Amino acid sequence: MLNIARKELQSMFASPMGWIILAVIAAMFGNYFSNGVNDYLAVASGAIRPAERFGITQSVSQSVYGSASFIMLFAVPLLSMRLIAEERRSQTMPFLFSSPLSITDIVVGKFLGLLAFLSTLILYIGLMLSTLNLWSDIDFGYIVANTIGLFLLVGSFCALGIYFSSLTSQPIIAGILSFIFSFILMILGRFVANDPSNIAGQFSFSTHFQSFASGLIDTADLAFFVLFIVTFLTLTIRRLDADRLRG
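So, how was this worked out
- Residues numbered from 1 in each chain as written.
- Predicted model: local features only at pLDDT ≥ 70, side-chain atom pairs only at ≥ 80, totals over all residues.
- Heavy atoms only, no water.
- Helix = DSSP H or I, 4+ residues; strand = E, 2+ residues; numbered from the N terminus.
- Buried < 20%, exposed > 50% of the residue type's maximum accessible area, 1.4 Å probe, protein only.
- Contact = heavy atoms within 4.5 Å.
- Areas by Shrake-Rupley, 256 points an atom, 1.4 Å probe, with all protein chains shown as cover.
- UniProt positions renumbered as here; feature names shortened; annotations may be inferred.
- Salt bridge = Lys/Arg side-chain N within 4 Å of Asp/Glu carboxyl O.
- Core = buried A, V, L, I, M, F, W, Y, C linked by side-chain atoms within 4.5 Å.
- Polar contact = N/O pair within 3.5 Å; in protein donor to acceptor, adjacent residues only side chain to side chain.
- Phe/Tyr/Trp six-rings, centres within 6.5 Å; stacked < 30°, edge-to-face > 60°.
- 1 Å grid on protein atoms, 1.4 Å probe; cavity = no way out; pocket = protein on both sides within 12 Å on 5 of 7 lines; lining within 4 Å.
- Points joined across faces, edges and corners; volume = space filled by probe spheres on them.
- Nonpolar A, V, L, I, M, F, W, Y, C, P; charged D, E, K, R; others polar.
- Expected span 1.5 Å × (residues − 1).

1. What to know about the overall build of the protein chain
And step 1. Helix and strand counts for the protein chain come out as 10 helices and zero strands.
And step 2. Listing every helix and strand of the protein chain by position from the N terminus yields α-α-α-α-α-α-α-α-α-α.
And step 3. Taking all 247 residues of the protein chain together, the buried fraction comes to 45%.
And step 4. Expressed as a percentage of contacts within the protein chain between residues at least 6 apart in sequence, the contacts between residues at least 24 apart total 77%.
And step 5. Accessible area of the protein chain: about 12300 Å², with a carbon and sulfur share of 66%.

2. Topic: the environment of Leu227
And step 1. By the element assignment, Leu227 lies in helix H10 (residues 219–246).
And step 2. Sequence separation of Leu227 and Ser156 is 71 residues, and the distance between their C-alpha atoms is 9.3 Å.

3. Quick word on the UniProt feature "transmembrane region" (unreviewed entry) in the protein chain
And step 1. On the UniProt side, "transmembrane region" (unreviewed entry) is annotated at positions that read residues 12–33, 64–85, 106–128, 140–164, 171–192 and 212–237 here.
And step 2. The span residues 106–128 carries 100% helix and 0% strand; its end-to-end C-alpha distance comes to 34 Å.

4. Description of the pattern of salt bridges
And step 1. Following the criterion strictly, the structure yields four salt bridges and no others.
And step 2. We note a salt bridge from Lys110 to Glu8, for which the minimum N-O separation is 2.7 Å. Of the two residues, Lys110 sits in helix H6 (residues 103–130) while Glu8 sits in helix H1 (residues 2–14), which places them 102 residues apart along the sequence. Judged on exposure class, the residue Lys110 and its partner Glu8 are both buried.
And step 3. A salt bridge links Glu87 to Lys110; its shortest N-O distance comes to 3.3 Å. Note that Glu87 is positioned in helix H4 (residues 85–89) and Lys110 in helix H6, a separation of 23 residues in sequence. Taken individually, Glu87 and Lys110 each receive the classification buried, so the pair is uniform in this respect.

5. Topic: the nonpolar core
And step 1. Phe29, Leu118, Leu129, Val154 and Phe205 are the most contacted members of the largest nonpolar core, which has 65 residues in total.
And step 2. Those residues in contact with Phe205, other than ones at most four positions away along the chain, are Leu153, Ser156, Phe157, Ser182, Leu185, Met186, Phe224, Phe225 and Phe228.

6. Concerning the side chain of His208
And step 1. By the element assignment, His208 lies in helix H9 (residues 205–213).
And step 2. Given the relative accessible area of 7%, His208 is considered buried.
And step 3. A polar contact is formed between the side chain of His208 and the side chain of Asp221, at a distance of 2.7 Å.
And step 4. Once residues within four sequence positions are removed from consideration, His208 is found in contact with Gln202, Asp221, Phe224 and Phe225.

7. Let's talk about the packing of aromatic side chains
Think of a pair of aromatic rings as described by two things: how far the centres are apart, and how the planes are tilted against each other in angle.
And step 1. Applying the stated criterion across every chain, the model contains 15 aromatic pairs.
And step 2. Here Phe224 and Phe225 contribute two aromatic rings whose centre-to-centre distance is 5.4 Å and whose plane-to-plane angle is 70°, an arrangement assigned as edge-to-face.
And step 3. Note on Phe225: relative accessible area 0%, which makes it buried.
And step 4. Three or more aromatic residues joined by ring pairs make a cluster, and in this case those are Phe157, Tyr163, Phe164, Phe181, Phe205, Phe212, Phe224, Phe225, Phe228 and Phe232.

8. Overview of the layout of surface pockets
And step 1. Taken as a whole, the second largest pocket encloses approximately 160 Å³ of empty space.
And step 2. Lining of the second largest pocket is provided by Ser11, Met12, Ser15, Met17, Gly18, Ile21, Leu78, Leu79, Met81 and Arg82.
And step 3. Listing elements by their share of the lining of the second largest pocket, those giving two or more residues are H1, helix H2 (16–44) and helix H3 (56–80).
And step 4. At three residues, the largest contribution of residues to the lining of the second largest pocket is made by H2.
And step 5. Across the lining of the second largest pocket, the residue classes tally to six nonpolar, three polar and one charged.

9. Here's the deal with helix H7 (residues 140–165)
And step 1. With 26 residues, H7 should reach 38 Å at 1.5 Å per residue; the first-to-last C-alpha distance of 37 Å fits that figure.
And step 2. The buried count for H7 comes to 20 of 26 residues, which makes it a mostly enclosed element.
And step 3. Of the residues that open H7, the one with a side-chain oxygen 3.1 Å from the backbone nitrogen of Gly141 is Asp139.

Next comes the structure, spelled out in C-alpha coordinates:
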(Lines give C-alpha, C1' and ligand atoms only; values in the text may rest on other atoms or scores of the structure.)
Protein backbone atom coordinates (compact mmCIF):
# COMPACT_ATOMS: atom_id res chain seq x y z
CA MET A 1 0.00 0.00 0.00
CA LEU A 2 2.70 2.48 1.01
CA ASN A 3 4.80 1.50 -2.00
CA ILE A 4 1.87 2.29 -4.30
CA ALA A 5 1.32 5.60 -2.50
CA ARG A 6 5.00 6.51 -2.81
CA LYS A 7 5.02 5.56 -6.50
CA GLU A 8 1.97 7.73 -7.22
CA LEU A 9 3.40 10.64 -5.26
CA GLN A 10 6.72 10.43 -7.09
CA SER A 11 5.00 10.23 -10.49
CA MET A 12 2.98 13.37 -9.72
CA PHE A 13 6.05 15.33 -8.68
CA ALA A 14 7.87 14.01 -11.75
CA SER A 15 5.08 15.17 -14.06
CA PRO A 16 5.17 18.70 -15.52
CA MET A 17 1.37 18.80 -15.19
CA GLY A 18 1.68 18.18 -11.46
CA TRP A 19 4.06 21.10 -11.00
CA ILE A 20 1.95 23.36 -13.21
CA ILE A 21 -1.15 22.60 -11.12
CA LEU A 22 0.79 23.19 -7.90
CA ALA A 23 2.21 26.49 -9.15
CA VAL A 24 -1.11 27.82 -10.46
CA ILE A 25 -3.07 26.89 -7.35
CA ALA A 26 -0.36 28.20 -5.01
CA ALA A 27 -0.39 31.51 -6.91
CA MET A 28 -4.17 31.71 -6.61
CA PHE A 29 -4.04 31.03 -2.88
CA GLY A 30 -1.36 33.69 -2.50
CA ASN A 31 -3.53 36.18 -4.37
CA TYR A 32 -6.54 35.49 -2.12
CA PHE A 33 -4.30 35.79 0.92
CA SER A 34 -2.95 39.15 -0.26
CA ASN A 35 -6.44 40.43 -1.02
CA GLY A 36 -7.66 39.25 2.38
CA VAL A 37 -4.88 41.13 4.17
CA ASN A 38 -5.57 44.28 2.15
CA ASP A 39 -9.29 44.04 2.91
CA TYR A 40 -8.56 43.64 6.61
CA LEU A 41 -6.27 46.68 6.61
CA ALA A 42 -9.05 48.66 4.94
CA VAL A 43 -11.40 47.53 7.68
CA ALA A 44 -8.89 48.38 10.41
CA SER A 45 -8.43 51.85 8.99
CA GLY A 46 -12.11 52.55 9.56
CA ALA A 47 -13.31 52.20 5.99
CA ILE A 48 -15.99 49.78 7.18
CA ARG A 49 -18.33 50.24 10.14
CA PRO A 50 -17.15 48.63 13.39
CA ALA A 51 -20.21 46.36 13.57
CA GLU A 52 -19.03 44.64 10.36
CA ARG A 53 -15.46 44.03 11.48
CA PHE A 54 -13.88 40.64 12.14
CA GLY A 55 -10.59 39.55 13.70
CA ILE A 56 -7.68 39.19 11.31
CA THR A 57 -7.71 35.38 11.45
CA GLN A 58 -11.34 35.08 10.43
CA SER A 59 -11.18 37.96 7.98
CA VAL A 60 -8.23 36.59 5.99
CA SER A 61 -8.90 32.87 6.44
CA GLN A 62 -12.47 33.09 5.18
CA SER A 63 -11.21 34.43 1.88
CA VAL A 64 -8.48 31.80 1.49
CA TYR A 65 -10.30 28.68 2.69
CA GLY A 66 -13.54 29.65 0.99
CA SER A 67 -11.79 29.90 -2.36
CA ALA A 68 -9.67 26.81 -1.68
CA SER A 69 -12.71 24.54 -1.43
CA PHE A 70 -13.82 25.49 -4.95
CA ILE A 71 -10.34 25.60 -6.46
CA MET A 72 -9.75 22.04 -5.26
CA LEU A 73 -13.07 21.09 -6.87
CA PHE A 74 -11.45 21.79 -10.25
CA ALA A 75 -7.96 20.52 -9.43
CA VAL A 76 -8.75 17.09 -8.00
CA PRO A 77 -10.54 15.68 -11.10
CA LEU A 78 -7.56 16.70 -13.23
CA LEU A 79 -5.27 14.64 -11.03
CA SER A 80 -7.54 11.73 -10.11
CA MET A 81 -8.89 10.99 -13.59
CA ARG A 82 -5.81 9.07 -14.70
CA LEU A 83 -5.17 7.01 -11.57
CA ILE A 84 -6.99 3.88 -12.74
CA ALA A 85 -8.39 4.87 -16.14
CA GLU A 86 -4.84 5.32 -17.43
CA GLU A 87 -3.99 1.79 -16.27
CA ARG A 88 -6.93 0.50 -18.28
CA ARG A 89 -6.04 2.52 -21.37
CA SER A 90 -2.41 1.44 -21.32
CA GLN A 91 -3.52 -2.15 -20.59
CA THR A 92 -1.39 -2.47 -17.46
CA MET A 93 -4.28 -3.51 -15.19
CA PRO A 94 -3.49 -7.25 -15.60
CA PHE A 95 -0.01 -6.60 -14.20
CA LEU A 96 -1.50 -4.90 -11.14
CA PHE A 97 -3.99 -7.72 -10.65
CA SER A 98 -1.24 -10.35 -10.89
CA SER A 99 1.01 -8.55 -8.39
CA PRO A 100 1.23 -9.76 -4.78
CA LEU A 101 -0.65 -6.63 -3.72
CA SER A 102 -4.34 -6.85 -2.91
CA ILE A 103 -6.95 -4.68 -4.65
CA THR A 104 -7.36 -2.83 -1.36
CA ASP A 105 -3.64 -2.04 -1.26
CA ILE A 106 -3.76 -0.72 -4.84
CA VAL A 107 -6.81 1.49 -4.37
CA VAL A 108 -5.90 2.86 -0.95
CA GLY A 109 -2.29 3.36 -2.04
CA LYS A 110 -3.35 5.44 -5.06
CA PHE A 111 -5.74 7.40 -2.86
CA LEU A 112 -3.06 8.16 -0.26
CA GLY A 113 -0.56 9.17 -2.94
CA LEU A 114 -2.98 11.68 -4.46
CA LEU A 115 -4.06 12.98 -1.06
CA ALA A 116 -0.43 13.40 0.04
CA PHE A 117 0.29 15.42 -3.11
CA LEU A 118 -2.66 17.74 -2.51
CA SER A 119 -1.83 17.98 1.19
CA THR A 120 1.22 20.03 0.24
CA LEU A 121 -1.19 22.77 -0.87
CA ILE A 122 -3.25 22.46 2.31
CA LEU A 123 -0.06 22.74 4.37
CA TYR A 124 0.98 25.72 2.26
CA ILE A 125 -2.25 27.54 3.16
CA GLY A 126 -1.76 26.83 6.87
CA LEU A 127 1.83 28.06 6.84
CA MET A 128 0.90 31.14 4.84
CA LEU A 129 -1.84 32.11 7.29
CA SER A 130 0.47 31.38 10.23
CA THR A 131 2.78 34.16 9.06
CA LEU A 132 0.11 36.61 10.23
CA ASN A 133 1.26 35.81 13.74
CA LEU A 134 4.46 37.74 13.04
CA TRP A 135 2.63 41.03 13.45
CA SER A 136 -0.66 40.14 15.12
CA ASP A 137 -2.14 37.58 17.51
CA ILE A 138 -4.11 35.02 15.52
CA ASP A 139 -6.50 32.22 16.37
CA PHE A 140 -4.58 29.03 15.54
CA GLY A 141 -7.60 26.93 16.53
CA TYR A 142 -9.60 28.55 13.74
CA ILE A 143 -6.85 27.72 11.23
CA VAL A 144 -6.54 24.12 12.47
CA ALA A 145 -10.31 23.55 12.19
CA ASN A 146 -10.37 24.95 8.63
CA THR A 147 -7.31 22.89 7.70
CA ILE A 148 -8.91 19.67 8.94
CA GLY A 149 -12.14 20.51 7.12
CA LEU A 150 -10.33 21.24 3.86
CA PHE A 151 -8.29 18.03 4.21
CA LEU A 152 -11.47 15.96 4.63
CA LEU A 153 -13.19 17.77 1.76
CA VAL A 154 -10.23 17.16 -0.57
CA GLY A 155 -10.12 13.53 0.58
CA SER A 156 -13.78 13.19 -0.41
CA PHE A 157 -13.05 14.69 -3.84
CA CYS A 158 -10.17 12.21 -4.25
CA ALA A 159 -12.29 9.18 -3.26
CA LEU A 160 -15.00 10.22 -5.70
CA GLY A 161 -12.45 10.84 -8.44
CA ILE A 162 -10.79 7.44 -8.00
CA TYR A 163 -14.17 5.72 -8.15
CA PHE A 164 -15.07 7.32 -11.49
CA SER A 165 -11.56 6.61 -12.76
CA SER A 166 -12.24 2.91 -12.08
CA LEU A 167 -15.36 2.93 -14.28
CA THR A 168 -13.77 3.83 -17.61
CA SER A 169 -10.62 3.61 -19.69
CA GLN A 170 -10.95 7.25 -20.74
CA PRO A 171 -9.36 9.65 -18.21
CA ILE A 172 -11.19 12.65 -19.67
CA ILE A 173 -14.57 11.03 -19.12
CA ALA A 174 -13.57 10.09 -15.57
CA GLY A 175 -12.49 13.68 -14.90
CA ILE A 176 -15.72 15.16 -16.26
CA LEU A 177 -17.92 12.79 -14.25
CA SER A 178 -15.88 13.41 -11.11
CA PHE A 179 -16.20 17.17 -11.49
CA ILE A 180 -19.93 17.07 -12.21
CA PHE A 181 -20.78 14.93 -9.19
CA SER A 182 -18.39 16.84 -6.90
CA PHE A 183 -19.92 20.12 -8.04
CA ILE A 184 -23.44 18.85 -7.42
CA LEU A 185 -22.52 17.73 -3.93
CA MET A 186 -20.90 21.10 -3.23
CA ILE A 187 -23.89 23.23 -4.24
CA LEU A 188 -26.62 20.84 -3.12
CA GLY A 189 -26.91 22.46 0.30
CA ARG A 190 -27.64 25.87 -1.19
CA PHE A 191 -30.81 24.65 -2.87
CA VAL A 192 -32.23 23.25 0.35
CA ALA A 193 -30.83 25.84 2.76
CA ASN A 194 -34.31 27.06 3.63
CA ASP A 195 -35.59 23.54 4.28
CA PRO A 196 -33.60 21.88 7.10
CA SER A 197 -35.86 18.82 6.98
CA ASN A 198 -34.80 18.04 3.39
CA ILE A 199 -32.51 15.01 3.60
CA ALA A 200 -30.70 15.99 0.39
CA GLY A 201 -28.93 18.74 2.28
CA GLN A 202 -27.31 16.14 4.52
CA PHE A 203 -25.32 14.87 1.53
CA SER A 204 -23.95 18.29 0.66
CA PHE A 205 -20.21 18.85 1.08
CA SER A 206 -20.73 22.55 1.75
CA THR A 207 -23.21 21.84 4.54
CA HIS A 208 -20.73 19.64 6.41
CA PHE A 209 -17.76 21.87 5.63
CA GLN A 210 -19.52 24.86 7.15
CA SER A 211 -18.80 23.94 10.78
CA PHE A 212 -15.07 23.61 10.04
CA ALA A 213 -15.18 26.93 8.18
CA SER A 214 -16.65 28.48 11.33
CA GLY A 215 -13.71 27.24 13.40
CA LEU A 216 -15.54 24.27 14.96
CA ILE A 217 -14.80 20.56 14.69
CA ASP A 218 -18.16 18.80 14.71
CA THR A 219 -17.88 15.02 15.10
CA ALA A 220 -21.02 14.50 13.00
CA ASP A 221 -19.49 16.40 10.07
CA LEU A 222 -16.17 14.64 10.57
CA ALA A 223 -17.94 11.27 10.52
CA PHE A 224 -19.79 12.22 7.30
CA PHE A 225 -16.56 12.89 5.39
CA VAL A 226 -14.83 9.78 6.75
CA LEU A 227 -17.80 7.56 5.86
CA PHE A 228 -18.04 9.16 2.40
CA ILE A 229 -14.37 8.44 1.73
CA VAL A 230 -14.59 4.86 3.02
CA THR A 231 -17.77 4.23 1.00
CA PHE A 232 -16.34 5.30 -2.35
CA LEU A 233 -13.00 3.58 -1.76
CA THR A 234 -14.96 0.41 -0.98
CA LEU A 235 -17.03 0.82 -4.16
CA THR A 236 -13.82 1.23 -6.15
CA ILE A 237 -12.34 -1.90 -4.57
CA ARG A 238 -15.46 -3.91 -5.37
CA ARG A 239 -15.47 -2.60 -8.94
CA LEU A 240 -11.85 -3.65 -9.55
CA ASP A 241 -12.35 -6.95 -7.77
CA ALA A 242 -15.23 -7.71 -10.15
CA ASP A 243 -13.02 -6.82 -13.10
CA ARG A 244 -10.30 -9.19 -11.85
CA LEU A 245 -12.77 -12.07 -11.44
CA ARG A 246 -14.01 -11.52 -15.02
CA GLY A 247 -10.39 -11.63 -16.17
